[in-house]
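Okay, here's what each chain looks like letter by letter:
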Amino acid sequence: MEVAPSSQRWRFQCVSALCLFLGADPTIGFDSESSGDAISEVEISSDSAELVIANDDGTGTATFPTVPLNSTSKSIPPHLKDCGIWLAPSAIKGAGLGMYAGRHFSENEELQVMGDPVIPIIDKHLHNDNDSFEFLWDEYIWNGWVVGMDFEGFENADGASPGFGSTANSFIPLVNVEEGVPKRHAGGLHRLKDPGAGAFTAYFDRQSTATRPIEAGEEFYVDYGEHWFEHRTYLGPVPLGDDLEKATTLFHAYRLLKKSLSTTSDEVLNDLWDTFVRKTEFVESRVIGSFHHDDDEELLKLEKIGSVHELRVKEATKSLEWLYEFGTCGDHIYGATSTLEQAGRGAFASRDLPEGAVIAQLPLIHITNRSRLDMYHFEAGPYSSRTEPRPPQLLLNYCYGHSQSTLLLCPYGPIVSYVNHNQSLANVKIRWADPARGNFMPHLLENDLDALEVDDTAKLAFELVATRSIHKDEEVFLDYGDAWEQAWQEHLRSWKPIDGADLHMTQDEIDRRERFDSWRTVFEQIENPYPPNIKVECHVYFEGDDWKSKSYGRIREELERKLENNSRNDWFECDILRRYREDEMELYTATAVGDEAELLLDLPDIAFRFREKPYTSDMFLENAFRHDIGVPDEIFPDAWRNVRSNL
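Residues numbered from 1 in each chain as written. Predicted model: local features only at pLDDT ≥ 70, side-chain atom pairs only at ≥ 80, totals over all residues. Heavy atoms only, no water.

### Looking at helix 13 (residues 552–564)
Basically, it comes down to this: Working definition: helices are DSSP H or I runs of at least four residues, strands are E runs of at least two. Numbering for both runs from the N terminus. By this rule the span expected of a helix is its residue count minus one, scaled by 1.5 Å. For each residue, the accessible area found with a 1.4 Å probe, counting protein chains only, is set against the maximum for its type, and the residue is called buried under 20%, exposed over 50%, and partly exposed in between. For this quantity, the arc is that covered by the directions from the helix axis to the C-beta atoms.
In this model helix 13 runs 19 Å from its N-terminal to its C-terminal C-alpha over 13 residues, within 8% of the 18 Å that 1.5 Å per residue would give. Here helix 13 has its buried residues at Ile555, Glu558 and Leu559. Along the long axis of helix 13, the arc covered by the buried residues comes to 100°, so they all point the same way.

Written out as structure tokens, the structure is:
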């Protein structure tokens, strides 16, 4: 044997009892770099390691098989060695897939070249007669005001965020990733000249940023918000806030008690722990819920580590070998402007990818009845009778379907929603995922849609597989199928701009155009109107008279603080009736639109903003393209074919 080189890390396949002593997971092994003071000497040969272990009771030796941590027991393909993001089973039991770091990320580092898109889901209950139905996306969507799209609908505008926003799990005490607000841009398309206007989401590049240094192997956790867990009591008492620290305090109190009762047998003390913690009747306590009640050996682990928080971090950190064996690389593609006209953004290869490589895993959220994405016009406002159909929810364009089924399968995962269609240049295909690596239950392919309807978890998944070698920075294309291609070609032939397309402006566009101009009164707008899709809003800060005794600078400062927690309820549509100057300041008189309201006097210019009216952005265009992505007939289960063919 020889002494292990200091530059080499090793993983030891250890037996359960010794693993517990060393703070290791028996299913993963023990990392020599995290041994602490327990190991005083390591001697390593090509296939075994002898450890000299020191503790309060003296020293001993043990020998085990070894695997170097910066190599693996299997040959790792070159295209996987520098993978920075992995999808693999989450450390949270029952949570399905999680996302893991494949390398070190620094604090404030953005985790992707371009962040993921966010797809609006607008007023779905209004368009379904307020029917109550299972909608699995409700477990994954983000509130509209969080992702900057609350103005899009009458009642609700939720955001399907299919990258980190849907794939990363949330464990609030260990959150290490912050989800940002997406940018909004139509990709250079305009409704006056482009048939692709409204066919893809304008919300893109929702960046995920490390909130602290993240080490290779750590699971990524985002913040769903405490209310998300508080409203899902079926999840049990999931720890929130500082619950892990409180649990650690409880453990330390037990340890002090144990020390003071040194003459009491360990069996009695362990029974005490079981009675008041592991098997407690206080089942609703989030502090008690911080302990893993089904782990018989957790108390031993805590004796070694001393902190519930540190134990959970350790459990949420996997070896790179484990990720290679059980995970799928999640950063083989990155987002950028597509090479295709009318497509907006696309997905490109991050590195050279060989034929047969799994480019991405696509977990699938199922919608058993696609009519739930139907949309309608309303006779006289949002709560009146529905009239004529309008193009379905934009989400349809991002989901997979089949002509003989009402089922839609909507993928999530980093960057996968940027993959565009191109029949002649397609270099990837879809297939059902490997169950060993993904959250995929093959038996569901044999069940009918009624069984799938009552299944409220995502248990289906595709893989994108390279059909040939793909070079670094080459755009990745999928063949969406003949039906999609024919529908797109027909759309190009028949498309023409809608009436008034030349008058439309986004909020950003009018903000840039009008930023140095005075706000127009309703009388000035008779001859010089704002675009028909734009309205003027006032902030609730200026209701009442409290603000009037403050300086302009103080008013601006307080208003900016309120805008940090912006909500659609903080603004109301208003009419500007008068503009005048007083003490060299331009001031306004306004009133709320609608019911009789008091006049708002002496308002400064910062009291107002432009806002787009609901249902006026490109995705609501009557001539916007809609079609699901085709699932190849040969992989679509017969059990799901619930629509008769017209042939």
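### A look at the packing of helix 5 (residues 243–260) against helix 6 (residues 266–278)
Put simply, the test is: Think of each axis as a best-fit line through the C-alpha atoms, taken over the contacting stretch in the case of a helix, with angles from 0 to 180 degrees between the N-to-C directions. Oblique is the label for any angle not under 35 degrees, not over 145, and not in the 65 to 115 range, which are roughly parallel, roughly antiparallel and roughly perpendicular in turn. Note on convention: near helix rotated counterclockwise from far helix by under a right angle means a left-handed crossing. Clockwise means right-handed. The contact rule is simple, with two residues in contact once any of their heavy atoms fall within 4.5 Å. Following the grouping adopted for this structure description, the nonpolar residues are Ala, Val, Leu, Ile, Met, Phe, Trp, Tyr, Cys and Pro, the charged ones are Asp, Glu, Lys and Arg, and the polar ones are all others, Gly among them.
Here helix 5 crosses helix 6 at 155°, and the two axes come no closer than 11 Å. Comparing the axis directions of helix 5 and helix 6 gives the class roughly antiparallel. Between helix 5 and helix 6 the crossing geometry is right-handed. Between helix 5, through Leu250, Phe251, Tyr254, Leu257 and Lys258, and helix 6, the contact on the second element is made entirely by Asp266, Leu269, Asn270, Leu272, Trp273 and Val277. Of the residues belonging to the contact of helix 5 with helix 6, the class tally is eight nonpolar, one polar and two charged.

### Notes on the sheet that holds strand 8 (residues 97–101)
Whether parallel or antiparallel, the strands of a sheet pair through hydrogen bonds between backbone atoms. Basically, it comes down to this: In this description, strands pair whenever DSSP reports at least two bridges between them.
Taken in spatial order, the three strands line up as 8-7-15 in an open sheet, and their pairing is antiparallel. The open sheet has two edge strands, strand 8 and strand 15 (328–329), and neither has a second partner. Here strand 7 (residues 85–89) pairs with strand 8 via five bridges, running antiparallel. What sits directly across from Pro89, in strand 8, is Leu97.

### Notes on the pairing of strand 22 (residues 408–411)
What you see with strand 22 is no split at all: Leu408 and Cys410 on one side and Leu409 and Pro411 on the other are buried throughout. The pairing of strand 18 (residues 358–367) with strand 22 spans four bridges and is antiparallel. Bridge pairing links His366 to Leu409 in strand 22. Where strand 21 (residues 400–401) and strand 22 come together, two bridges link them in antiparallel fashion. When the sheet's bridge partners are listed, Tyr400 is paired in strand 22 with Leu409.

### A word on the nonpolar core
Convention followed: As used in this record, nonpolar core signifies buried Ala, Val, Leu, Ile, Met, Phe, Trp, Tyr and Cys residues forming a set joined through side-chain atoms within 4.5 Å.
Counting 44 residues, the largest nonpolar core has Leu460 and Trp640 as the members making the most contacts within it. Looking at this core, the elements that each hand over two or more residues are strand 17 (345–349), strand 18, strand 24 (428–432), helix 10 (449–453), strand 25 (460–466) and helix 11 (482–494). Residue contributions to this core peak at five residues, all from strand 25. In contact with Leu460, not counting residues within four places along its chain, are Leu362, Pro363, Leu364, Leu409, Trp432, Asn439, Phe440, Met441, Leu444, Leu445, Leu452 and Trp640. Counting residues in each nonpolar core, the second largest holds 29 residues, with Leu136, Trp137, Ile365 and Tyr412 among its members.

### Regarding the pairing of strand 31 (residues 608–612)
Of all five residues that make up strand 31, five are buried, and the element is covered over most of its length. Every second residue of strand 31 is oriented toward a common face, with Phe608, Phe610 and Glu612 on one face and Arg609 and Arg611 on the other, all of them buried. As defined by bridge partners, strand 27 (residues 534–539) adjoins strand 31 across five bridges and the pair is classed as antiparallel. The residue bridging Ile534 from the neighbouring strand is Glu612, located in strand 31.

### Topic: empty space enclosed by the protein
Quick note on the threshold: Cavity means a closed set of points on a 1 Å grid over the protein atoms alone, one where a 1.4 Å probe fits but cannot get out, pocket means an open set with protein on both sides within 12 Å along at least 5 of 7 lines, and lining means a residue has an atom within 4 Å of a point. Grid points are joined across faces, edges and corners, and a volume is the space filled by probe spheres set on the points.
A full pass over the atoms with the stated rule returns four cavities of 30 Å³ or more. Reported here for the largest cavity is a volume of approximately 80 Å³. Looking at the largest cavity, the residues that line it are Glu134, Phe135, Leu136, His366, Ile367, Thr368, Arg372, Glu453, Val454, Asp455 and Asp456. Residue classes in the lining of the largest cavity are distributed as four nonpolar, two polar and five charged.

### A word on the pattern of salt bridges
Our working rule: We define a salt bridge as a side-chain nitrogen of Lys or Arg found within 4 Å of a carboxyl oxygen belonging to Asp or Glu.
Scanning the model with the defined rule gives 40 salt bridges in all. One salt bridge connects Glu463 with Arg431, and the closest N-O pair in it is separated by 2.9 Å. Here Glu463 is found in strand 25, whereas its partner Arg431 is found in strand 24, with 32 residues between them in sequence. What makes Arg431 partly exposed here is its relative accessible area of 35%. Here Arg520 and Glu514 are joined by a salt bridge, their closest N and O atoms 2.8 Å apart. With respect to class, Arg520 is no different from Glu514; both count as buried.

### Some words on the state of the cysteines
Such a bond, covalent and formed between the sulfur atoms of two cysteines, is termed a disulfide. How we decide: Criterion for a disulfide: a pair of cysteine sulfur atoms within 2.5 Å.
If you walk through the whole model with that rule in mind, you get three disulfides. Residue pairing for Cys83: its cysteine sulfur links by disulfide to Cys329, the two sulfurs lying 2.2 Å apart. Linking Cys83 and Cys329, the disulfide has an S-S dihedral of approximately 105° and is accordingly described as right-handed. Of this pair, Cys83 sits in the loop between helix 2 (78–81) and strand 7 while Cys329 sits in strand 15; the two residues are 246 residues apart in sequence, bridging distant segments of the chain.

### Some points on helix 11
Between its first and last C-alpha, helix 11 extends 18 Å over 13 residues, near the 18 Å set by a 1.5 Å rise per residue. Against strand 23 (420–421) lie the buried residues of helix 11.

### Comments concerning the sheet that holds strand 28 (residues 571–582)
Spatially, the five strands line up as an open sheet ordered 30-29-28-27-31, and their pairing is antiparallel. The open sheet is flanked by strand 30 (600–603) and strand 31, the only strands paired with a single partner. With direction set aside, neighbouring strand axes in the sheet form an average angle of 45°. The pairing of strand 29 (residues 585–592) with strand 30 spans two bridges and is antiparallel. Directly across from Tyr588, in strand 30, lies its bridge partner Leu603. Contacts from helix 12 (residues 507–514) reach strand 27 and strand 31 within the one sheet, and its direction differs from that of strand 31 by about 145°.

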